[in-house]
Amino acid sequence: AGLWTVFTLGGVGSKPSPQLEQCSPLANQSLLLLLVLANLTDAPDTPNPYRQAIMSFKNTQDSTAFSSSSPHAFQINFNSLYTALCEQQKSDQATLLLYMLLHQNGNVRTYVLARTDIENLV
């Protein structure tokens, strides 16, 4: 029970509101799983593929050509991601994801800094 409490952030930070958890429990648990996987330590000979994917994904609306040289490369609509993060900033998990993206993915950082409605995120 104690380990499950740690994974669900039961004793850390603010607890998510009951309506937030009831609204999308699968999304909430998926986000927690993504955060755990992306923060696993790298093996000496192999980097963490989840962290590599978080660090390198690009915008689907970007005009530059998408090169699939990285095996973990993918594209996502940054506008949808930004909107979802703005709506979910009351949860610790969404804030942690935003922090990771801003610090580890230059494409997301550039996109967020270029937005004119950044006050919605703050």
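Thresholds, definitions, all that
- Residues numbered from 1 in each chain as written.
- Predicted model: local features only at pLDDT ≥ 70, side-chain atom pairs only at ≥ 80, totals over all residues.
- Heavy atoms only, no water.
- Helix = DSSP H or I, 4+ residues; strand = E, 2+ residues; numbered from the N terminus.
- Polar contact = N/O pair within 3.5 Å; in protein donor to acceptor, adjacent residues only side chain to side chain.
- Contact = heavy atoms within 4.5 Å.
- Patch = residues over 30% accessible without salt bridge, like charges linked within 9 Å, V, L, I, M, F, W, Y side chains within 5 Å.
- Areas by Shrake-Rupley, 256 points an atom, 1.4 Å probe, with all protein chains shown as cover.
- Salt bridge = Lys/Arg side-chain N within 4 Å of Asp/Glu carboxyl O.
- 1 Å grid on protein atoms, 1.4 Å probe; cavity = no way out; pocket = protein on both sides within 12 Å on 5 of 7 lines; lining within 4 Å.
- Points joined across faces, edges and corners; volume = space filled by probe spheres on them.
- Nonpolar A, V, L, I, M, F, W, Y, C, P; charged D, E, K, R; others polar.
- Phe/Tyr/Trp six-rings, centres within 6.5 Å; stacked < 30°, edge-to-face > 60°.
- Buried < 20%, exposed > 50% of the residue type's maximum accessible area, 1.4 Å probe, protein only.
- Core = buried A, V, L, I, M, F, W, Y, C linked by side-chain atoms within 4.5 Å.

Moving on to the side chain of Asn-59. Within the secondary structure, Asn-59 sits in strand E1 (residues 58-59). A polar side-chain atom of Asn-59 sits 3.2 Å from the main-chain amide nitrogen of Phe-78. Setting aside residues no more than four positions away along its own chain, Asn-59 makes contact with Gln-75, Ile-76, Asn-77, Phe-78 and Tyr-111.

Let us look at a nonpolar patch on the surface. A cluster of nonpolar side chains, namely Leu-113, Ile-118 and Val-122, defines an oily patch on the protein surface of about 340 Å² accessible area. Mapped onto the elements of the fold, Ile-118 is located in the segment after helix H7 (106-114).

Moving on: empty space enclosed by the protein. For the structure on display, the rule yields one cavity of 30 Å³ or more. Lining the largest cavity, in full, are Phe-78, Leu-81, Tyr-82, Leu-85, Leu-98, Leu-101, Val-108, Tyr-111 and Val-112. Where the lining of the largest cavity is concerned, the elements lending two or more residues are helix H5 (78-87), helix H6 (92-104) and H7. Residues that form the lining of the largest cavity fall into these classes: nine nonpolar, no polar and no charged.

Turning our eyes to something else, we now look at the environment of Arg-115. Structurally, Arg-115 can be placed in the segment after H7. Along the sequence, Arg-115 and Tyr-82 sit 33 residues apart, while their C-alpha atoms lie 9.6 Å from each other. Ignoring any residue separated from it by four or fewer positions in sequence, one finds Arg-115 in contact with Asn-79 and Tyr-82. Within the structure, the side chain of Arg-115 is placed 2.9 Å from the side chain of Asn-79, a separation counted as a polar contact. Engagement of the side chain of Arg-115 in a polar contact is seen with the side chain of Tyr-111, the distance being 2.6 Å.

What follows concerns the packing of aromatic side chains. Tallied over the entire structure, the rule returns four aromatic pairs. Taking 5.7 Å as the distance between ring centres and 90° as the angle between the ring planes, the aromatic pair formed by Phe-57 and Phe-78 counts as edge-to-face. Here the residue Phe-57 occupies a position in the loop between helix H4 (49-56) and E1, and Phe-78 occupies one in helix H5, the gap between them amounting to 21 residues. Its relative accessible area of 4% is what places Phe-57 among the buried residues. A residue is classified by how much of its surface remains accessible, and Phe-78, at 3% relative accessible area, is buried. Linked through ring pairs, Phe-57, Phe-74, Phe-78, Tyr-82 and Tyr-111 together constitute an aromatic cluster.

Judged by nonpolar contacts, the single largest core of 19 residues is most densely connected at Phe-57, Tyr-82, Leu-85, Leu-97, Leu-101, Val-108 and Leu-121. Of all the elements in the fold, those that place two or more residues in this core are helix H3 (25-38), H5, H6 and H7. With residues near it in sequence (within four places) discarded, Tyr-82 still touches Tyr-111, Val-112, Arg-115, Asp-117, Ile-118 and Leu-121.

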